[in-house]
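Read off the chains here:
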Amino acid sequence: MTLELGILISGRGSNLQAILDAVERGALDARVRVVISNRADAPGLTRAAQARIPTATIAHRDYSSREAFDAALVEALRGAGAELIVLAGFMRVLTPVMIGAYHDRIINIHPSLLPAFPGAHAHRDALAYGVKVSGCTVHFVDEGTDTGPIIRQRAVPVLDDDDEERLAARVLAVEHALLVEALAAMAEGRVSVEPGDGDRRARVVERRG
Ligand code: GRF
């Protein structure tokens, strides 16, 4: 099944590039319908334009509430025919307006082994804590910050002389692979969400390929 992707970014867009490259080389059965940034100056918009992908800027500052911003996102994503949404360095927390419109069809890449170190400063927090292993997580998005069902995770060692920049670079290379692998598994229809109950959270079940 070809994934019809809408990709949301706020900046550099190297994870977006990893997706574009994987589609280009035939490693991922997906079409990127639109790339939307909440910042007009996001370098990722240039990457999308170079790949001839439609782009849009929807600036959160132009909306009076987070819900109104999300409603504009939903309208643009639906208008473009996006069916699965990838948050690829998108630095806004979504409201029920967006989560409800794309229930279990929004994924995020986060640069830590969740539930450790959610939020915008994962590497700083991991270094401050002194963990010896960090990594990255691809997960479905719910209304919390980096809390939804985990699709895939991969560990990356933290070295004694790491600073934020060195750790981020080592994790980023793994993010690119992990995100594409998770999307490929989804394109193959192997990923589903099993509802939770009183004792267990909702979780992802991935059938082997
Ligand atoms: C990545 O580290 C991602 O995990 C985090 O923000 C960063 C975005 O990088 N959510 P890029 O814009 O994909 O290069």
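Here the structure is shown first, and the text comes after it.
Quick caveat: nothing in here was measured; it's all calculated off a predicted structure. (Residues numbered from 1 in each chain as written. Predicted model: local features only at pLDDT ≥ 70, side-chain atom pairs only at ≥ 80, totals over all residues. Heavy atoms only, no water.)

**Structural notes on helix α6 (residues 164-187)**
Counting along an α-helix, one turn takes 3.6 residues, and residues three or four places apart therefore face a common direction. Heads up, the condition is: Labels follow the DSSP assignment, with helices taken as runs of H or I lasting at least four residues and strands as runs of E lasting at least two, numbered in each case from the N terminus. For a helix, the expected span equals 1.5 Å multiplied by the number of residues minus one.
Taking 1.5 Å of rise per residue, 24 residues should cover 34 Å, and α6 covers 33 Å from first to last C-alpha, within 8% of that figure. Just beyond α6, the residue with positive phi is G189, at close to 70 degrees.

**Focus on the site of the ligand**
Counted only if it meets this: Near is defined per residue: the residue qualifies when any heavy atom it owns lies within 4 Å of the molecule or strand. Polar contacts, as counted here, are pairs of nitrogen or oxygen atoms within 3.5 Å of one another; within protein the pair requires one atom able to donate a hydrogen and one able to accept it, and residues that are adjacent in sequence qualify only if both atoms are side-chain atoms. Each accessible area is a Shrake-Rupley result for a 1.4 Å probe, and residues are judged covered by the shown protein chains and nothing else. Residues are grouped as follows: Ala, Val, Leu, Ile, Met, Phe, Trp, Tyr, Cys and Pro are nonpolar; Asp, Glu, Lys and Arg are charged; every other residue, Gly included, is polar.
The environment of the ligand is made up of R12, G13, S14, N15, G89, I109, H110, P111, L172 and E175. Within the side chain of R12, a nitrogen or oxygen atom sits 2.5 Å from an oxygen atom of the ligand. Here the ligand loses 86% of its free accessible area of 370 Å² to cover by the protein chains. Those elements giving two or more residues to the shell around the ligand turn out to be α1 (14-24), β5 (106-110) and α6. Its residues assigned to classes, the shell around the ligand shows three nonpolar, five polar and two charged.

**Observations concerning the pattern of salt bridges**
Note the following rule: The salt bridge criterion pairs a side-chain nitrogen of Lys or Arg with a carboxyl oxygen of Asp or Glu, the two atoms within 4 Å. Relative accessibility thresholds used throughout: buried, under 20% of the residue-type maximum; exposed, over 50%; partly exposed, between the two (1.4 Å probe, protein chains only).
Tallied over the entire structure, the rule returns twelve salt bridges. Residue R33 is joined to E4 by a salt bridge in which the shortest nitrogen-to-oxygen separation is 2.8 Å. Within this pair, whereas R33 is found in strand β2 (residues 30-37), its partner E4 is found in strand β1 (residues 3-9), the two being separated by 29 residues in sequence. Using a relative accessible area of 31% as the deciding quantity, one classes R33 as partly exposed. Residue R166 pairs with D163 through a salt bridge whose shortest N-O separation is 3.9 Å. Note on R166: relative accessible area 43%, which makes it partly exposed. Among the charged side chains, a network of salt bridges with common partners joins R152, R154, E181, E188, R190 and E206.

**A closer look at unusual backbone geometry**
A cis amide bond, omega 10 degrees, links L114 with the succeeding residue P115. Secondary-structure assignment places P115 in the loop between β5 and α5 (122-129). Positive phi, normally seen in glycine, also occurs at R52, with a value near 60 degrees. Its place among the elements puts R52 in the loop between α2 (43-50) and β3 (55-57).

**What to know about the packing of α5 against α6**
For the record, the criterion: Lines fitted to the C-alpha atoms define the axes, with helices restricted to the stretch that makes contact. Angles between their N-to-C directions range from 0 to 180 degrees. The sense of a crossing depends on the near helix, which, turned anticlockwise from the far helix by less than a right angle, makes the crossing left-handed and, turned clockwise, makes it right-handed. We call two residues in contact when some of their heavy atoms are within 4.5 Å.
Following both chains from N to C, one finds α5 and α6 inclined at 115 degrees, their axes separated by 9 Å at the closest point. For α5 against α6, the interelement crossing comes out right-handed. Mapping the contact onto sequence places H123, R124 and L127 in α5 and E164, L167, A168 and V171 in α6. Here the contact of α5 with α6 is composed, by residue class, of four nonpolar, one polar and two charged.

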